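# Fold and geometry: a report
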Amino acid sequence: MSTRSAPPSPATVHDRQAPAPPVGAPGVRRRRAAHRPAPSPDAERRRRLRARLVVAGFAYLIVFLVVLPILWIVLLSFQQSDQILSDPFSVRTLTLENYRDAIATLPLVQMYKNTIIIATAAVTIGTTVSFMVSFALTRMVFRRRGVQSALLLYFLAGLAVPVYVLLFPVYRLDLALGIFGTYAAVILPYAVVSIPFNTLLLTGFLRGMPGELEEAAIIDGAGLFRLCWSVVVPVMRPILATVVIFNVVYVFNEFPFVSVLINDPDLATISLAVSKFQGQYSVNYGGMMAAATLVLLPQLAIYAVLQRHVIAGLTAGAVKG
Amino acid sequence: MIWLSSRSRIAVMVLPALVLFTAFFAYPVLYGTGYSLTDAQGFSEPRLIGLDNYATLGDDPFFWLSLKNTVIILVVSVAFLVPASFALALLMQQRIRAAGALRALLFGPAIVAPILVGLVWVFILDPRVGLLNRLLVPLGIPEIQWIGGDSLTPYSIALVFSWASIGFAMTIFYAGLQQLPGDVMEASSLDGATRWQQLLHVTVPMMRETVGIVSILLVTNVFKIFELVYMLTGGGPVHRSETLVSYMYFVTFTSQRYGSGMAIAVVVLVLGALTSLAYLVLARRGRSA
């Protein structure tokens, strides 16, 4: 079937192993048909089905391997701790005890409360100031154009700076401002490190957005605030959603800043609490895994619902359109 | 817009971001760079010592080890991830039932907090309780020190990083593939190109820019690997498994040698800036092409 002397029937032109049909295929096809009967359409269909099954099976296998670590954690979370050491694969000894342990020892509500407060404040501040400055840098008329582009460059330069460089200086700054160890200690840096990327996305969007609506609103007598709030923001909803999702995920997952700037366990975010699990649960592996599952599952559930938006948010900037 | 562009209105719009960014971003970068030129540590008063910290860094075997580990993780994971996630994106383009769900599952690890990723993988890689040795030892393979041993940790970190990033990279490739002009693909198959030829001579060349973008994003993310080290080994034994940023964190916060810590931070800053520059050049070339 795949020898050079026997050009493929048109049905297999798109197949991986099939050699290129020569130009002017119809003539060739006729000649070939005279040599050997074409494979029965039935056999052909079966062969294609088999190829598709192999491809699909391979895809499912890879996805299974990627999901496997999570499944392992969930399995361990239902396993008695001594069982984890002796025979973790057994399913006869599953128990809910770890969850009772974890719920009793883990300040889940407090962790979520802290994280949500910090995320809400940081993302609100970060998105608002980024929007304002992006609007000014793309839409308002500066007396000196140079100032406008210099400012934009100043903010965008932040994209090149790894946040690790900021850890110690911001720690000192928080101490000097007297906000070290409070919510504000992380809210401010979280809001600020989001400005460069937010500005990149928002100015990019604004540049591609026609200004006619805005002009109409101004002629109708709208002030700056009304213009932004009732005309510009509604049009920018998709990109603002992207910005918000990107930043919320960042704050929920961030660890280096919070580990340096928050020392009060009552103010710990989810990430900070998880970092203490190994010390806290020591060899109570089951309890640790139940705690990990309790943190992981809500996050995955939210992801499952908002999947499309989350993926768009996290790949924004790298993916055009 | 000129009507609403009075000086005071511009100030109201620009100042909040400008003040915050200057105070919590620009000033800290300068402050950190300045500190790298001092002998600041513990509670003692810092003194200017010029470039001494950088010279000391050159003699610090742990610094070189952490740089080496970072480079190992970088090379291994980028060399694996770029072709693997590209192939995965091609695979996801095939007609597969529930392909959308599969893509979402593959992306999943990217939204899990790195600190949690670290914890999960402790239970895969740990020589005694980890899944990997639990599966291998019964097959007669001797217990392997995936983490915590002398040499394997950076490779294991590359593995974990690859796990966390493969869906992310695949998604960017997938989006790139979706945007390939359909008429070019059609023309090449009408010209009699086999799928394999089409892939090599049409798809891959047209995806060159995306390959560059994915590679650089991965490099940037490798430089940020900290939580994995923190959870898997804590940098040990004796700093054998540190990355640049985890070693910077140790020197600055655990051993409180602020001057030396900031010198490492400046090295990280320079590397990060170079990577971003490469990204910029690439993105600009892509836009003008």
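Conventions we followed
- Residues numbered from 1 in each chain as written.
- Chains lettered and ligands numbered in written order.
- Predicted model: local features only at pLDDT ≥ 70, side-chain atom pairs only at ≥ 80, totals over all residues.
- Helix = DSSP H or I, 4+ residues; strand = E, 2+ residues; numbered from the N terminus.
- Contact = placed C-beta atoms within 7 Å.
- Buried ≥ 20, exposed ≤ 12 C-beta atoms within 10 Å, placed from the backbone.
- Core = buried A, V, L, I, M, F, W, Y, C linked by C-beta atoms within 7 Å.
- Nonpolar A, V, L, I, M, F, W, Y, C, P; charged D, E, K, R; others polar.
- Axes fitted to C-alpha atoms, helices over the stretch in contact; angles between N-to-C directions.
- Parallel < 35°, antiparallel > 145°, perpendicular 65-115°, else oblique.
- Left-handed = near helix turned anticlockwise from the far one by under 90°.
- pLDDT = per-residue confidence, 0-100.

## Looking at the overall build of chain A
Across its full length, chain A carries 16 helices and 0 strands. Taking all contacts inside chain A whose residues are at least 6 apart in sequence as the whole, residues at least 24 apart take part in 70%.

## Notes on the overall build of chain B
What chain B contains, in helices and strands, is 13 helices and 0 strands. Across the 289 residues in chain B, those meeting the buried criterion constitute 44%. A sequence separation of at least 24 residues applies to 66% of the contacts in chain B between residues at least 6 apart.

## As for the environment of T233 of chain B
Residues and elements named next belong to chain B. Positionally, T233 belongs in the loop between α11 (227–232) and α12 (244–254). With 133 residues separating them along the chain, T233 and G100 place their C-alpha atoms 36 Å apart. For T233, the residues in contact, after removing those within four places along its chain, are I147, G148, T153 and S241.

## As for helix α8 (residues 183–193) of chain A
The buried fraction of α8 of chain A amounts to 9 of the 11 residues, a majority that puts the element mostly inside the structure. Of all the positions in α8 of chain A, only A185, V186, I187, L188, P189, Y190, A191, V192 and V193 of chain A are classed as buried. Elements in contact with the buried residues of α8 of chain A: α5 (108–139), α7 (167–177), α9 (195–207), α12 (237–253) and α13 (256–261) of chain A together with α1 (7–35) of chain B.

## Topic: the nonpolar core
Core analysis: the biggest nonpolar cluster contains 163 residues, and A292 of chain A together with L116, M248, I264 and V268 of chain B have the highest contact counts within it. Considering every element that reaches this core, the biggest residue donor is helix α7 (residues 153–178) of chain B, with 14 residues. Excluding residues within four positions of it along the chain, A292 of chain A makes contact with I73 and F277 of chain A together with L116, L119 and V120 of chain B.

## Remarks on the interface of chain B and chain A
The interface is formed by 82 residues belonging to chain B together with 86 residues belonging to chain A. The element that contributes the greatest number of residues to the side of chain B that touches chain A is α1 of chain B, accounting for 14 residues. Its residues assigned to classes, the side of chain B that touches chain A shows 61 nonpolar, 14 polar and 7 charged.

## Digging into the packing of helix α2 (residues 41–77) of chain A against helix α16 (residues 285–315) of chain A
Residue and element names in this part refer to chain A. Put simply, α2 and α16 touch, their axes get as near as 7 Å, and they point 125° apart. When the axes of α2 and α16 are compared, the pair comes out oblique. In this structure, the crossing between α2 and α16 has a hand that is left-handed. The segment α2 lies against α16, with I73, V74, L76 and S77 engaging Y285, G286, M289, A290, A292 and T293. By residue class, the composition of the contact of α2 with α16 is 7 nonpolar, 3 polar and no charged.

## So, the environment of T194 of chain B
Residues and elements named next belong to chain B. Examined against the element boundaries, T194 turns out to sit in the loop between α8 (182–190) and α9 (195–206). On the basis of neighbour counts, which here come to 20 C-beta atoms within 10 Å, the residue T194 falls in the buried class. Expressed as a C-alpha distance, the spacing of T194 and L67, which sit 127 residues apart in the sequence, is 45 Å.

## Section: the packing of α7 of chain B against helix α10 (residues 208–223) of chain B
Angle between the axes and distance between the axes are the two parameters that describe a pair of packed helices. Residue and element names in this part refer to chain B. One way to put it is that α7 packs onto α10 with a least axis distance of 10 Å and a crossing angle of 155°. Our classification of the angle between α7 and α10 gives roughly antiparallel. When the axes of α7 and α10 are compared, the crossing they make is right-handed. Across from F161, S165, A169, I172, F173 and G176 in α7, the residues of α10 making contact are T210, I213, V214, L218, N221 and V222. Grouping the amino acids of the contact of α7 with α10 by side-chain chemistry returns 8 nonpolar, 4 polar and no charged.

## Focus: the confidence of the model for chain B
Should the pLDDT be low somewhere, the predicted coordinates at that spot are not to be read in detail. For chain B, the average pLDDT comes to 92, and 98% of its residues sit at 70 or higher. Model confidence for the complex is summarised by a pTM of 0.88, with the ipTM given as 0.91.

## Some words on helix α4 (residues 99–107) of chain B
Within the span of α4 of chain B, buried status applies to L102, R103, L105, L106 and F107 of chain B. Where α4 of chain B is buried, its residues contact α2 and α16 of chain A together with α3 (61–93) and α7 of chain B.

## Thoughts on unusual backbone geometry
Residue and element names in this part refer to chain B. Following G236, the chain continues into P237 via a peptide bond in cis, with omega recorded as -10°. Tracing the chain through its elements places P237 in the loop between α11 and α12. For Q256, which is not glycine, the phi torsion reads 55° and is therefore positive. Inspection of the secondary structure puts Q256 in the loop between α12 and α13 (258–288).

## What to know about the confidence of the model for chain A
Residues and elements named next belong to chain A. Of the residues in chain A, 87% reach a pLDDT of 70 or more, and the chain-wide mean stands at 86. Within chain A, α8 carries the highest mean pLDDT (97), whereas helix α1 (residues 25–35) carries the lowest (45). Overall, residues 1–34 carries pLDDT values under 50, and its contacts beyond four positions in sequence, including any with other chains, amount to 38 contacts.

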